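This is what each chain is made of:
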Amino acid sequence: MIFTRLTPMQVVLLNKNIYYIIHLQKISMRKEQLIMNVELGISTFGETTPLEKTGKAISHDERIRNLIEEVELADQVGIDAYAIGEHHRKDFAVSAPEIIIAMAAAKTKQIHLSSATTNLPTIDPIRVFEQYATIDAMAPGRIEIMAGRGSFTEAFDLFGYDLDNYDELFKEKLDMLVEINRNEILDWPKGKFTPKVDHIGIYPRPKKPLKISLATGGNPNSTIRAAEMGLSIVYAIIGGQMDAFKPLVQLYRVVAEKTGHKLSEMPVSAHSWGWLSDDKEKAIKEYFYPTKLLVDTISKERPQWTGMTYEQYLESIGENGVIFVGNADTVADKIIKMMEVLGLKRFYLHLPIASMPHKDVLKAIEIYGKEVVPKVKKYFKDKSKLNDFSIKWKE
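Draft legend 1. Spatial organisation of the packing of helix H6 (residues 220-229) against helix H7 (residues 246-258). In contact at an axis separation of 8 Å, H6 and H7 are set at 30° when each is read in the N-to-C sense. Once H6 is placed against H7, the crossing between them reads as right-handed. Each of Pro220, Thr223, Ile224, Ala226, Ala227 and Glu228 in H6 lies in contact with H7, whose residues at this interface are Leu248, Leu251, Tyr252, Val255 and Ala256. Of the residues in the contact of H6 with H7, the class split is nine nonpolar, one polar and one charged.

Structure representation (structure tokens):
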């Protein structure tokens, strides 16, 4: 598998006519504010791939019902957030995450609910805001829009968009969504992909602006875009080594500070695949099949991916890899390591990747909420080692 890496000593990027020339060796991370409260969540795409024991996939309707039950359990065991993805293909049951989030909002009490992602290039940003503002009425302050371009591209053909406009569509629609979130009355000039809106109110309005974050697989331009707009960022870290993303996080913080935003209001998050069992070896053994199944499927669609061998799998779940598999202690220790290495405020464990039996998913969620989450939170509270980094130029 090939994954995004930010290499050399110098990053030179052009964005909105501003050059950011960053000598990464010269960046110092000053510990100005200690963050003792970290947030741990779960992400899912509602996968419907064949199960190992039966060779059959569960139906979409059953997977959606199971997913609601999984979110309810996560709320009960103290998990901070649940993020639900959007896809438009047979091997994922969720094409409308806002509907799932609305159902979950009505059945939960405290858990934070987010898309993962809302694929903005192929959807109307006005409708996105209206939908999530409506859900926020059921769960005030618990709703977030995680905006993304979409790593799968089937929606472009499905909804009549040109894939050549992949980035332009996202940029224009994200700008519009943020503007709607900030202002009740929308004045919007006609864009290349969005209509002119002349002083029209967008409703309903939440009591407070909706939380909007930007998700990326490690694109430097997306990193800069989020930082310049003052948006929180979520990195999909699903391969390679965790420290490969450190330059991107540094870049994000430098740009945010240089453009006058408050880093304390812009948490950095990561989303990584994982699985839990009471028995570490059992978890390792049972997670290989669904992981290989998904990777091998994607490798047939994307030339930059290759199929997964068992040796690659073991390396990915090892100490320096970015797949989190094992018992509660193994997974908690690895989450702590990633959060410290990258300076994360939030972490989403993607559980499961590809389909696993529902009862096993519920058990994994229970272990995560009752054992992993408390251990990770206690570590950072006791040690006060996770910092809201303020990155300065070193003279």
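The discussion continues.
Draft legend 2. A look at the pairing of strand E5 (residues 81-84). Burial along E5 is two-sided: the face carrying Ala81 and Ala83 and the face carrying Tyr82 and Ile84 are both buried. Where strand E4 (residues 39-44) meets E5, four bridges bridge the pair, whose relative direction is parallel. The residue bridging Gly41 from the neighbouring strand is Ala81, located in E5. Of the crossover connections in this fold, the one passing from E4 over helix H1 (residues 60-76) to the parallel E5 is right-handed. Bridge analysis of E5 against strand E6 (residues 112-115) gives four bridges, and the strand direction is parallel. Paired with Ala81 across the bridge in E6 is His112. For the crossover that starts at E5, traverses helix H2 (residues 97-107) and ends in the parallel E6, the hand is right-handed.

Draft legend 3. Expanded view of the packing of aromatic side chains. With the rule as written, the count across this model stands at 10 aromatic pairs. Ring geometry for Tyr235 against Phe245: centres 5.8 Å apart, planes inclined by 65°, an arrangement best described as edge-to-face. One end of the pair, Tyr235, is in strand E12 (residues 232-236); the other, Phe245, is in the loop between E12 and H7, with 10 residues separating them in the sequence. An identical accessibility class is assigned to Tyr235 and Phe245; each is buried. Over the ring of Phe152 we find Arg302; its NZ or CZ atom is 4.6 Å from the centre of that ring. Its guanidinium or amino end placed over the ring of Phe324, Lys334 lies 5.3 Å from that ring's centre, counting from NZ or CZ.

Draft legend 4. Up close: the environment of Asn165. Along the chain, Asn165 turns up in the loop between helix H4 (154-158) and helix H5 (166-182). Note on Asn165: relative accessible area 16%, which makes it buried. If sequence neighbours within four positions are ignored, Asn165 has contacts with Lys192 and Phe193.

Draft legend 5. Representation of the environment of Glu371. Relative to the helices and strands, Glu371 is located in helix H11 (residues 358-383). Residues Glu371 and Asp329, 42 residues apart in the sequence, show an inter-C-alpha distance of 8.0 Å. Those residues within four positions of Glu371 in sequence are excluded, and the remaining contacts are Asp278, Ala328 and Glu366.

Draft legend 6. Structural context of the packing of helix H10 (residues 328-342) against H11. Relative to each other, H10 and H11 sit at 40°, their axes nearing to 9 Å. Considering the angle they form, H10 stands oblique to H11. In terms of crossing hand, the pair formed by H10 and H11 is right-handed. Counted together, Ala328, Asp329, Val331, Ala332, Asp333, Ile335, Ile336, Met339 and Glu340 of H10 and Ile367, Tyr368, Glu371, Val372, Lys375, Val376, Tyr379 and Phe380 of H11 form the full contact between these two elements. In the contact of H10 with H11, the residues fall into 12 nonpolar, no polar and five charged.

Draft legend 7. The confidence of the model for the protein chain, seen in detail. With 88% of its residues at a pLDDT of at least 70, the protein chain reaches an overall mean of 90. Low pLDDT, under 50, characterises residues 1-18; the stretch is placed with 54 contacts to residues that sit more than four places away or in other chains. The low-confidence segment residues 385-395 (pLDDT under 50) makes 51 contacts with residues lying over four places distant or belonging to another chain.

Draft legend 8. Unusual backbone geometry, seen in detail. Cis geometry marks the peptide bond from Tyr203 to Pro204; its omega dihedral reads 0°. With respect to the helices and strands, the residue Pro204 is situated in the loop between strand E10 (197-201) and strand E11 (211-216). A positive phi angle, close to 60°, is found at His199, a residue other than glycine. With respect to the secondary-structure elements, His199 resides in strand E10. Although it is not a glycine, Ala354 sits at a positive phi angle of roughly 65°.

Draft legend 9. Here's a closer look at the side chain of Glu70. Relative to the elements of secondary structure, Glu70 occurs in helix H1. A polar contact is formed between the side chain of Glu70 and the side chain of Arg63, at a distance of 3.2 Å. If we ignore the near neighbours within four places in the chain, the residues touching Glu70 are Arg63, Tyr82, His358, Val361, Leu362 and Ile365.

Draft legend 10. H10, seen in detail. Its 15 residues place the ends of H10 21 Å apart at the C-alpha level, agreeing with the 21 Å of an ideal helix rising 1.5 Å per residue. Residues of H10 that are buried include every one of Ala328, Val331, Ala332, Lys334, Ile335, Ile336, Met338, Met339 and Leu342, and no others.

Procedures and definitions
Residues numbered from 1 in each chain as written. Predicted model: local features only at pLDDT ≥ 70, side-chain atom pairs only at ≥ 80, totals over all residues. Heavy atoms only, no water. Axes fitted to C-alpha atoms, helices over the stretch in contact; angles between N-to-C directions. Helix = DSSP H or I, 4+ residues; strand = E, 2+ residues; numbered from the N terminus. Left-handed = near helix turned anticlockwise from the far one by under 90°. Contact = heavy atoms within 4.5 Å. Nonpolar A, V, L, I, M, F, W, Y, C, P; charged D, E, K, R; others polar. Buried < 20%, exposed > 50% of the residue type's maximum accessible area, 1.4 Å probe, protein only. Pairing = 2+ DSSP bridges. Right-handed = clockwise from strand over helix to strand, strands pointing away. Phe/Tyr/Trp six-rings, centres within 6.5 Å; stacked < 30°, edge-to-face > 60°. Lys NZ or Arg CZ within 6 Å of the ring centre and 35° of its normal. Parallel < 35°, antiparallel > 145°, perpendicular 65-115°, else oblique. pLDDT = per-residue confidence, 0-100. Polar contact = N/O pair within 3.5 Å; in protein donor to acceptor, adjacent residues only side chain to side chain. Expected span 1.5 Å × (residues − 1).

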